[in-house]
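Structural overview
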Amino acid sequence: MHPPPHRARAPGGARGGGAAPVRAFAREGARVIINWRASGEAANALAAEIGDRAVALQADVTDRAAVDALVAAAQGHFGAPVTTVVNNALDYSFNGDARSQMTDIGWDELAAQFSTVVRGALNTIQATAPGMAAGKFGRVINIGTNLFQNPVVPYHDYTAAKAALLSLTRTAAGDLGPDGITVNMISGGLLRTTDASAATPDAVFDLIAGMTPLRSVTTPEEFADAALFFASPWSRAVTGQNLVVDGGLVRD
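Just so it is clear, the structure is predicted and the values come from calculations on it, not from any experiment.

Moving on, we get to the pattern of salt bridges. Enumeration according to the criterion identifies 7 salt bridges in this entry. Note that arginine 27 and glutamate 28 form a salt bridge whose closest N and O atoms lie 3.2 Å from each other. Pair check on accessibility: arginine 27 and glutamate 28 agree, each one exposed. Ionic pairing is found between aspartate 68 and arginine 64, a salt bridge with its closest N-O pair at 2.9 Å. One end of the pair is aspartate 68 and the other is arginine 64, both in helix α3 (residues 64–78) and 4 residues apart, which spans about a single turn. Classification of arginine 64 as partly exposed rests on a relative accessible area of 32%. If you follow the salt bridges from partner to partner, you end up with Arg27, Glu28 and Asp225 in one network.

With that out of the way, let us pick up the environment of glycine 106. Structurally, glycine 106 can be placed in the loop between β4 (84–88) and α4 (107–134). When its relative accessible area of 18% is taken as the criterion, glycine 106 is described as buried. Linking glycine 106 and aspartate 157, residues 51 residues apart in sequence, is a C-alpha distance of 9.2 Å.

This part takes up the packing of α4 against helix α5 (residues 156–176). Between α4 and α5, the shortest axis-to-axis distance is 8 Å and the interhelical angle comes to 25°. Taken as axis vectors, α4 and α5 run roughly parallel relative to one another. The two elements α4 and α5 meet at a crossing, and its hand is right-handed. Contacts between α4 and α5 involve Glu109, Leu110, Gln113, Phe114, Val117, Val118, Ala121, Leu122, Ile125 and Ala129 from the first element and Asp157, Tyr158, Ala160, Ala161, Lys162, Ala164, Leu165, Leu168 and Leu176 from the second. Looking at the contact of α4 with α5 residue by residue, the classes come out as 15 nonpolar, 1 polar and 3 charged.

Thresholds applied
- Residues numbered from 1 in each chain as written.
- Predicted model: local features only at pLDDT ≥ 70, side-chain atom pairs only at ≥ 80, totals over all residues.
- Heavy atoms only, no water.
- Salt bridge = Lys/Arg side-chain N within 4 Å of Asp/Glu carboxyl O.
- Buried < 20%, exposed > 50% of the residue type's maximum accessible area, 1.4 Å probe, protein only.
- Helix = DSSP H or I, 4+ residues; strand = E, 2+ residues; numbered from the N terminus.
- Axes fitted to C-alpha atoms, helices over the stretch in contact; angles between N-to-C directions.
- Parallel < 35°, antiparallel > 145°, perpendicular 65-115°, else oblique.
- Left-handed = near helix turned anticlockwise from the far one by under 90°.
- Contact = heavy atoms within 4.5 Å.
- Nonpolar A, V, L, I, M, F, W, Y, C, P; charged D, E, K, R; others polar.

What follows is the structure, encoded as structure tokens:
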């Protein structure tokens, strides 16, 4: 497999839920780019842990020029184009009832999420698509949320941006399919445990687990395995889809 990059801001490719896909891809023999914005120390530590098949590169994915430079650096480092992208850009605080409600949320809050989630994905897709098209092979994996189907918390801005990313997933699949590029989404809920969910009480995890058919809360490692499926030849006939990975809490 050519070098698949993991795109993330917060929690980032080096930490929490972002590190699990990096390790999963590396475990399967892929060369990985760990993209970081602010967590340089953690990113470089993860790259050192993996060894020669990993490199940590800084870029703010909302900056197209920075993304172009990252892709060029990755191709120069590994001597091959990027063929797999995981879009997980996020800059958000999951603080429940402290978030703005529908009666007072401002457009600036929604715009901030659209800028990170949607613009970040657009930049990485556009920057990597030419290299994928040249080889008639590419995989784009966007990270969504099960709050589409189960909006139990008032994350209006976050959920709206992720819903827009789902739409982009479907339209991009149509445009890029003739070049051998698939575009899919995997959507999870609360993961046990990431930086974002570290403050969640055990009682909440247990409550969610009790509502799932598997009686468990999905782990970052389990979620990462779904990304491996969409990156593998086994998914070659699947594109434009959203797979919910949450232990069956949401059955879509």
